Amino acid sequence: MRVDIVSIFPDYFAPLDLSLIGRAREQGLLRLAVHDLRTWTRDVHRTVDDTPYGGGPGMVMRPEPWGEALDALAPDELAPDGLTLPRLLVPSPAGVPFTQAMAHELATESHLLFACGRYEGIDQRVLDHASTRLRVTEVSLGDYVLFGGEVAVLVILEAVTRLLPGVLGNAGSLDDESHAHGLLEAPMYTKPASWRGHEVPEVLRSGDHGRIARWRRDEALTRTGTRRPDMIAALPPEILDKRDVATLERGGFPLPPGDVAK
Ligand code: JD8
């Protein structure tokens, strides 16, 4: 996968040299480049912002540098010779929610282009113009306000990169993690069996894989019912067996709509 990031704070992405993303880059699984938006300014002060039309607080990012940056990083020439134009992702508090499902979708792309806004945001015409030739997605991390799009790109890139084939050693672990099957994951334990008076649940040391799997399922159901009842309501009823339904009812948690196994 090729990834280009445009920001006025390119140093924000130094962490992408580290850990599994750093290794994915070394292995050529991820070709990532970070670009300073000011590269595409033409004035001596390298200006990227100006006052908002219609008044109001703060500053807005100017369209011209962004237009030239996107022209350079997503040139139409890419398309004729069969290379796909990149998918443009623009973090914004007004964007569609970023989810694990979107992470899986983005992991199928060959080229992602991230535009990091700052100040009050990017002049809307940049996105309107880009939408005439690129697939553009405004995406939000969640209902809270950040200073800019950079940390959102770090989050999105980590969620997408770990889904790329060859990045995670034991890809198997992708299947039973939170949000992979609509439930939060059960609590995890490792040695020592007793720590500061806290014992590891006996079932996990029993070696009885049937009992262990049932315990973990019940813990995942109970934890999800307690912390994320919205996820229980969104579960396809057919994935719940009689024991699951009994666990949810025992916990007093609402069952998902539809006919569940009783
Ligand atoms: C991009 C500028 C700051 C936002 C005035 C504060 C994402 N979940 C999220 N929360 N906030 C962002 C986000 C914030 C951004 C930019 C993303 C560019 N800002 C602005 C509007 C109010 N300031 C985000 N993803």
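Higher on the page you've got the structure.
Residues numbered from 1 in each chain as written. Predicted model: local features only at pLDDT ≥ 70, side-chain atom pairs only at ≥ 80, totals over all residues. Heavy atoms only, no water.

### Examining the site of the ligand
Close to the ligand lie 18 residues, the nearest being Pro-91, Glu-120, Gly-142, Tyr-144 and Leu-146. Interatomic distance of 3.4 Å between a backbone N/O atom of Tyr-119 and a nitrogen atom of the ligand. Those elements giving two or more residues to the shell around the ligand turn out to be β5 (87-97) and β7 (135-140). The leading source of residues in the shell around the ligand is β5, at three residues. Considering only residue class, the shell around the ligand consists of 10 nonpolar, six polar and two charged. (Near = heavy atom within 4 Å. Polar contact = N/O pair within 3.5 Å; in protein donor to acceptor, adjacent residues only side chain to side chain. Helix = DSSP H or I, 4+ residues; strand = E, 2+ residues; numbered from the N terminus. Nonpolar A, V, L, I, M, F, W, Y, C, P; charged D, E, K, R; others polar.)

### Comments concerning the pairing of strand β6 (residues 111-115)
Note on strand geometry: in a regular strand, side chains alternate between the two faces of the sheet. Burial runs high along β6: five of the five residues are buried. Neither face of β6 is left uncovered, since the one carrying His-111, Leu-113 and Ala-115 and the one carrying Leu-112 and Phe-114 both have all their residues buried. Pairing analysis gives five bridges linking strand β1 (residues 2-7) to β6, with the strands arranged parallel. The partner of Val-6 across the bridge, within β6, is Ala-115. (Buried < 20%, exposed > 50% of the residue type's maximum accessible area, 1.4 Å probe, protein only. Pairing = 2+ DSSP bridges.)

### With respect to the pattern of salt bridges
For side chains bearing opposite charge, pairing can occur when the charged atoms are close. Across all of its chains, the model carries 16 salt bridges by this definition. Where Arg-133 meets Asp-71, a salt bridge forms, and the shortest distance between an N and an O atom there is 3.8 Å. Separated by 62 residues along the polypeptide, Arg-133 in the loop between α4 (124-130) and β7 and Asp-71 in helix α2 (residues 63-73) bring together distant segments of the chain. On the basis of relative accessible area, Asp-71 is assigned to the partly exposed category, the value being 40%. Across the pair Arg-125 and Asp-123 runs a salt bridge, and its minimum N-O distance is 2.6 Å. Judged by its relative accessible area of 14%, Asp-123 is buried. Here the salt bridges do not stand alone but share partners, grouping Arg-214, Arg-217, Asp-218, Asp-241 and Asp-244 into one network. (Salt bridge = Lys/Arg side-chain N within 4 Å of Asp/Glu carboxyl O.)

### Some thoughts on helix α6 (residues 209-227)
Look at α6: 26 Å from first C-alpha to last across 19 residues, which is about the 27 Å you get at 1.5 Å a residue. Every buried residue of α6 is accounted for by Ile-212, Arg-214, Trp-215, Asp-218, Ala-220, Leu-221, Thr-224 and Gly-225. Those residues of α6 that are buried lie in contact with α7 (229-233) and α8 (242-250). Measuring from the side-chain oxygen of the N-cap residue of α6 to the backbone nitrogen of Gly-210 gives 3.0 Å; that N-cap residue is Asp-208. (Expected span 1.5 Å × (residues − 1). Contact = heavy atoms within 4.5 Å.)

### Here's the deal with the nonpolar core
Val-3, Ile-5 and Phe-114 are the most contacted members of the largest nonpolar core, which has 28 residues in total. Of all the secondary structure elements, the ones that give two or more residues to this core are β1, α1 (19-26), α3 (100-106), β6 and α5 (150-161). With six residues, α5 is the largest single contributor of residues to this core. Each residue touching Val-3, except ones within four places of it in the same chain, is listed here: Leu-30, Arg-31, Leu-32, Ala-33, Leu-112, Phe-114 and Leu-157. (Core = buried A, V, L, I, M, F, W, Y, C linked by side-chain atoms within 4.5 Å.)

### Quick look at the packing of aromatic side chains
According to the stated counting rule, one finds two aromatic pairs in the structure shown. Plain terms: the ring middles of Phe-9 and Tyr-12 are 6.5 Å apart, the flat faces sit at 45° to each other, and that makes the pair tilted. The class for Tyr-12 is partly exposed, based on a relative accessible area of 33%. The interplanar angle of 55° and the centroid separation of 6.4 Å between the aromatic rings of Tyr-189 and Trp-215 together place this pair among those described as tilted. In this pair, Tyr-189 sits in the loop between α5 and β8 (194-195) while Trp-215 sits in helix α6, placing the two residues 26 residues apart along the sequence. For Trp-215, a relative accessible area of 17% translates into the label buried. (Phe/Tyr/Trp six-rings, centres within 6.5 Å; stacked < 30°, edge-to-face > 60°.)

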